[in-house]
Amino acid sequence: MTQLIVHNIVTDNHSAQVFDTCALTYDARLMRRKVLTCDGGTAVLVDLEHTTSLNDGDLLALHDGRFIRVVAAAEPLYRVAGDLVRMAWHIGNRHMPCQFAGDHLLILRDPVIGHMLRDHLGADVAEIDAPFTPEGGAYGHGRTMPHAH
């Protein structure tokens, strides 16, 4: 059984004593209770009160005062260039997470969406592997999450 337990996330402590890192994909950074194996081999149980979206650079606070830094892992993405306003509209219309990167957009690789963007909308679509940190939704903190009216 994992002996190191995380109950808290710290987002603004730049002087924290970081003893390990944990590279996680975008989907893996949404959690409430999960056992993680960090990059250095450290196993920790994350046991948060609520489901939380972790961001690149967040710190998992251990009970002994040490921290594990969350790192956005490289994952399969599409780099989309072209008429970005039009592409962003079509991507958003399909409720896909999207990272805005100046002269291009990044989205998770999906062959159907890639085909639509490239073959029907004229986008320049390239397959890349990179960290993914998409824009959060209007009601989410770091990602679009359900909300109550």
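Throughout this document, residue positions are counted from 1 along each chain, in the order its sequence is written. pLDDT decides what is reported in this predicted model: residues at 70 or higher carry local features, side-chain atom pairs at 80 or more are listed and counted, and totals for whole chains, interfaces and linings draw on all residues regardless. Heavy atoms from the whole structure form the basis of all side-chain values; hydrogens and water molecules are not counted.

Asker: How should I be thinking about the pattern of salt bridges in this particular structure?
Answerer: Think of a salt bridge as a Lys or Arg side-chain nitrogen and an Asp or Glu carboxyl oxygen that are within 4 Å of each other. In the structure shown here, the tally under the stated rule is 7 salt bridges. The residue R32 makes a salt bridge to D47 at a minimum N-O spacing of 3.3 Å. Linking R32 in strand β3 (residues 30-37) with D47 in strand β4 (residues 43-53), this pair joins segments that are 15 residues apart in sequence. Residue D129 pairs with R109 through a salt bridge whose shortest N-O separation is 3.4 Å. Linking D129 in strand β10 (residues 124-131) with R109 in the loop between β9 (105-108) and α2 (111-120), this pair joins segments that are 20 residues apart in sequence. The classification of residues rests on relative accessible area computed with a 1.4 Å probe and restricted to protein chains. Under 20% of the type maximum is buried, over 50% is exposed, and intermediate values are partly exposed. Taking the relative accessible area as the measure of exposure, D129 reaches 58% and is therefore exposed. Helix and strand definitions here come from DSSP, where helices need a minimum of 4 consecutive H or I residues and strands a minimum of 2 consecutive E residues; each element is numbered from the N-terminal end.

Asker: Please explain the environment of E135 as it appears in this structure.
Answerer: Of note, E135 is situated in the segment after β10. Judged by relative accessible area, E135 falls into the exposed class, the value being 52%. On a C-alpha basis, the gap between E135 and F100 in space is 7.1 Å, while along the polypeptide they are 35 residues apart. Ignoring any residue separated from it by four or fewer positions in sequence, one finds E135 in contact with C98, Q99 and F100. Between two residues, a contact is recorded if the distance between any of their heavy atoms is within 4.5 Å.

Asker: Sorry if this is basic, but what is going on with the sheet that holds β3 here?
Answerer: As a general point, the strands of a sheet are linked pairwise by backbone hydrogen bonds and lie either parallel or antiparallel. With respect to topology, 6 strands assemble into an open sheet ordered β2-β6-β5-β1-β4-β3, the strand pairing being mixed. Edge positions in the sheet fall to β2 (18-24) and β3, since each of these pairs with one other strand and no more. Between one strand axis and the next, the sheet turns through 30 degrees on average, direction left out of account. Here β3 pairs with β4 via 7 bridges, running antiparallel. Its bridge partner lying in β4, M31 is registered against T52. Two strands are counted as paired when DSSP detects at least two bridges linking them. Geometry is summarised by axes, namely lines fitted to C-alpha atoms with helices restricted to the contacting stretch, and by angles between N-to-C directions that run from 0 to 180 degrees.

Asker: Please clarify how the sheet that holds strand β7 (residues 74-81) should be interpreted in this entry.
Answerer: Sheet architecture is open: 4 strands sit in the order β8-β9-β7-β10, paired in antiparallel fashion. Here the strands that pair on one side only, and so sit at the sheet edges, are β8 (99-100) and β10. Relative to β9, β8 is paired through 2 bridges, and the arrangement is antiparallel. Bridge pairing links F100 to L105 in β9. Lying over the sheet, helix α1 (residues 84-93) contacts β7, β8 and β9, oriented at roughly 25 degrees with respect to β9.

Asker: Quick question: what am I supposed to make of the packing of aromatic side chains here?
Answerer: One pair of aromatic rings is described through two measures. These are the centre distance and the angle between the planes. Between rings of Phe, Tyr and Trp, where Trp is taken as its six-membered ring, a pair exists when centres lie within 6.5 Å; planes separated by under 30 degrees are stacked, by over 60 edge-to-face, and by other angles tilted. Evaluated as defined, the whole model comprises 1 aromatic pair. For the ring pair Y26 and F132, a centre distance of 5.4 Å and an interplane angle of 75 degrees mean the geometry is edge-to-face. Placement of the pair is Y26 in the loop between β2 and β3 and F132 in the segment after β10, with a sequence separation of 106 residues. Neither Y26 nor F132 differs from the other in exposure class; each is buried. Above the ring of F19, the side-chain terminus of R66 is found at 3.9 Å from the ring centroid. Distance and angle both matter: a charge sits over a ring if NZ of Lys or CZ of Arg is within 6 Å of the ring centre and within 35 degrees of the ring normal.

Asker: Sorry if this is basic, but what is going on with unusual backbone geometry here?
Answerer: Leaving glycine aside, a negative phi is the common case for residues, and trans is the common case for peptide bonds. Although it is not a glycine, H95 sits at a positive phi angle of roughly 55 degrees. Here H95 is to be found in the loop between α1 and β8. For H95, a relative accessible area of 72% translates into the label exposed.

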